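What follows is the residue order along each chain.
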Amino acid sequence: MMVLMYIYTSFDGSEKKDGRISKRFIGFFLWKLVFAWFPCRLVRARSAADDSLDPSRRYIFAMHPHGVLAFGRITLSMLTRTWDKLFPGIQKRVLSASAAFCIPFIREAWLSTECVSADKKTAEYCLHNEDNPCSLCVYPGGHEEQLLTKTHKYRFYLKNRKGFVKLALEHGAPLVPVIIFGETSLYTTHETFLPNVRHWLAKKMRLSIPVFSGWLFVLPYRVPLTGVVGRSILVPHIPHPSDDEIKHWHARYIHEIKTLFEEEKGFHGYADAELEIH
C-alpha cells in the first residue's frame, strides 16, 4: 500500500503547479546541524535598506551563482523565519531542474522545500494562481552556469539568458538580484575532466554533470553562505515585449547585479573577488 501511494504521488503533477510544501520537513531538527556546519544567512543589501517589498505584488528573485549543487537556495527556502521577517506576506517558489522531480526521494525533498519545475508554464501558474499566488526564485544561469563553476570564482552566465527578464516584463514582476557569497567555495571543482563531453550533454540533453570534491570527498567545506538580496528593479508590464525592450531591461539588470556585487563583496569577506559575466 505504501509503495502504491508513493507511485501515485510521484505522478500527481505537483511540480507543475505550486509544489507540495512540508513545514515539518523544513523544520526537521537535523537541519540545525547543517546550518551549524556552514552558517547560512539571508540579508538585505545595505543599499536596499529602504526597499520594502509590497506583499500584494509578485517578484522574481534572480539568484547567482548556481555553484556546484546550488546550496544557496537553502538561504531562501529553509531560513523561513528570516525570510518572513525580511519579506512579510510574500510567498515564493523556487524553479528547479525538471529532471530532479523524476528521481525518487529527491523529488519529495524538492517539493517539500518550495521547489517546482523550471518551465515557463509552471512559472506563470505560480505567479497567477488565484488561490496562492507566489513570487519566484530562479537561477538564470542554469546548468551552463553550474558547469562554469570554479572554486572561489564568481562567474555568472547571463549574456544569453534573457528569458527571466522577458517573464518579468510579461507579468510586470519586479526583478530582485540575489548574490550568494560563499557558494563557489563549498567544493573544489575539476573542470578539466572531460569538459567537451559534459558541455555536449548540457547542450543536447540539458543535463549538467559537475565534477567536484569536498571534505571527505562529498561533503561541502565549512564555508559560510550569505544570501544578499539587492534592491528591486521595477519593470513595466509589457504583455508582448519586443526584442529591444527585453535587451534594454536585460542590460539594466546586468548593470544592477554588477553594482550589487562591487558594493557588497568586501563587506562579506570577498574583497578580492572579481565578477565575470559570461
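Asker: Go over the pattern of salt bridges with me, naming the residues and quoting the values.
Answerer: A full pass over the atoms with the stated rule returns 13 salt bridges. Of the charged contacts, one joins Asp50 and Arg231 as a salt bridge, the two residues approaching to 2.6 Å between their closest N and O atoms. One end of the pair, Asp50, is in the loop between β1 (40-44) and β2 (60-64); the other, Arg231, is in the loop between β10 (225-229) and α11 (243-264), and 181 residues separate them in sequence. Residue classification places Asp50 among the exposed positions, given a relative accessible area of 60%. Between Lys120 and Glu170 there is a salt bridge, with the nearest N and O atoms lying 3.0 Å from each other. One end of the pair, Lys120, is in helix α7 (residues 120-128); the other, Glu170, is in helix α9 (residues 163-171), and 50 residues separate them in sequence. Since its relative accessible area comes to 42%, Lys120 is described here as partly exposed. Taking the relative accessible area as the measure of exposure, Glu170 reaches 12% and is therefore buried. Overlapping salt bridges bring together Glu15, Arg20, Arg107 and Glu108 as one network.

Asker: Mind laying out the state of the cysteines, listing which residues take part and the relevant values?
Answerer: On inspection of all chains with the given rule, the structure shows zero disulfides. Cys115 provides the cysteine sulfur closest to Cys40, a residue in no disulfide bond, and the two sulfurs are 15 Å apart. By relative accessible area, Cys40 is classed as buried at 12%.

Asker: Any details on the environment of Ser208? Residues and values, ideally.
Answerer: Looking at the element boundaries, Ser208 is found in the loop between α10 (195-205) and β9 (212-213). Judged by relative accessible area, which is 16%, Ser208 ranks as buried. Once the C-alpha coordinates of Ser208 and Glu144 are considered, the two residues, 64 residues apart in sequence, prove to be 7.5 Å apart. If we ignore the near neighbours within four places in the chain, the residues touching Ser208 are His143, Gln146 and Leu147.

Reading the values: the criteria
Residues numbered from 1 in each chain as written. Predicted model: local features only at pLDDT ≥ 70, side-chain atom pairs only at ≥ 80, totals over all residues. Heavy atoms only, no water. Salt bridge = Lys/Arg side-chain N within 4 Å of Asp/Glu carboxyl O. Helix = DSSP H or I, 4+ residues; strand = E, 2+ residues; numbered from the N terminus. Buried < 20%, exposed > 50% of the residue type's maximum accessible area, 1.4 Å probe, protein only. Disulfide = S-S within 2.5 Å. Contact = heavy atoms within 4.5 Å.

Note that all results are geometric; they support no functional claim without further evidence.
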